[in-house]
Amino acid sequence: MTDSQDAFEAAHADVRGLTPPPSQGVALQLYAYFQQAVVGDNTTEPPADDDSDARAKWNLWAGMKGMSRQEARSEYIALVENLKRLAGR
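Here the structure is a predicted model, which means the values were calculated and not measured.

A. Representation of the side chain of Ser4 in the model. Mapped onto the secondary structure, Ser4 falls in helix α1 (residues 3-16). One polar contact links Ser4 to Gln70, side chain to side chain, over a distance of 3.2 Å.

Encoded structure:
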């Protein structure tokens, strides 16, 4: 396991303990970075238009097409670190 992977896993664990929890928009961004880092490009079928939450997640993740997993991990870590800083941690 690389240092980057360790930092990514630590950041993922830190998200659960954030107080206050991230806003819905930030949570969606975290989801998209996480999916891109773990799975890579979104190749799933888009959800139905009547499921707005699933559609928002799908759109954000699909918008990261071509971003490397390493870059997505780095962006995820940076976002979590910023949230921790804002929370005074």
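Read on for the rest.
B. A look at the pattern of salt bridges. For the coordinates displayed, the defined rule picks out three salt bridges. Where Asp49 meets Arg55, a salt bridge forms, and the shortest distance between an N and an O atom there is 2.5 Å. Residue class for Asp49 comes out exposed when judged on its relative accessible area of 63%. The closest approach of N and O atoms between Lys84 and Glu81, which form a salt bridge, is 3.3 Å. With Lys84 and Glu81 both in helix α4 (residues 69-86) and three residues apart, this pair spans about one turn of that helix. Its relative accessible area of 40% is what places Glu81 among the partly exposed residues. The network of salt bridges with shared partners includes Asp14, Glu81 and Lys84.

C. The arrangement of the packing of helix α2 (residues 24-38) against α4 in detail. Direction vectors running N to C along α2 and α4 enclose 150 degrees, while the axes themselves pass 7 Å from each other. Comparing the axis directions of α2 and α4 gives the class roughly antiparallel. Here α2 runs over α4; the crossing is left-handed. Only Arg69, Ala72, Arg73, Glu75, Tyr76, Leu79, Val80 and Leu83 of α4 make contact with α2, whose side of the interface consists of Val26, Gln29, Leu30, Tyr33, Phe34, Gln36, Ala37 and Val38. For the contact of α2 with α4, the residue count by class is 11 nonpolar, two polar and three charged.

D. Examining the packing of α2 against helix α3 (residues 52-62) more closely. Packing of α2 against α3 brings their axes to within 8 Å, and their N-to-C directions diverge by 50 degrees. Here α3 runs oblique to α2, going by the angle between their axes. Crossing handedness for the pair α2 and α3: right-handed. Counting all contacts with α2, which are made through Gln24, Leu28, Gln29, Tyr31, Ala32, Gln35 and Gln36, the residues of α3 involved are Asp53, Ala56, Lys57, Leu60 and Trp61. Of the residues in the contact of α2 with α3, the class split is six nonpolar, four polar and two charged.

Definitions and cut-offs
- Residues numbered from 1 in each chain as written.
- Predicted model: local features only at pLDDT ≥ 70, side-chain atom pairs only at ≥ 80, totals over all residues.
- Heavy atoms only, no water.
- Helix = DSSP H or I, 4+ residues; strand = E, 2+ residues; numbered from the N terminus.
- Polar contact = N/O pair within 3.5 Å; in protein donor to acceptor, adjacent residues only side chain to side chain.
- Salt bridge = Lys/Arg side-chain N within 4 Å of Asp/Glu carboxyl O.
- Buried < 20%, exposed > 50% of the residue type's maximum accessible area, 1.4 Å probe, protein only.
- Axes fitted to C-alpha atoms, helices over the stretch in contact; angles between N-to-C directions.
- Parallel < 35°, antiparallel > 145°, perpendicular 65-115°, else oblique.
- Left-handed = near helix turned anticlockwise from the far one by under 90°.
- Contact = heavy atoms within 4.5 Å.
- Nonpolar A, V, L, I, M, F, W, Y, C, P; charged D, E, K, R; others polar.

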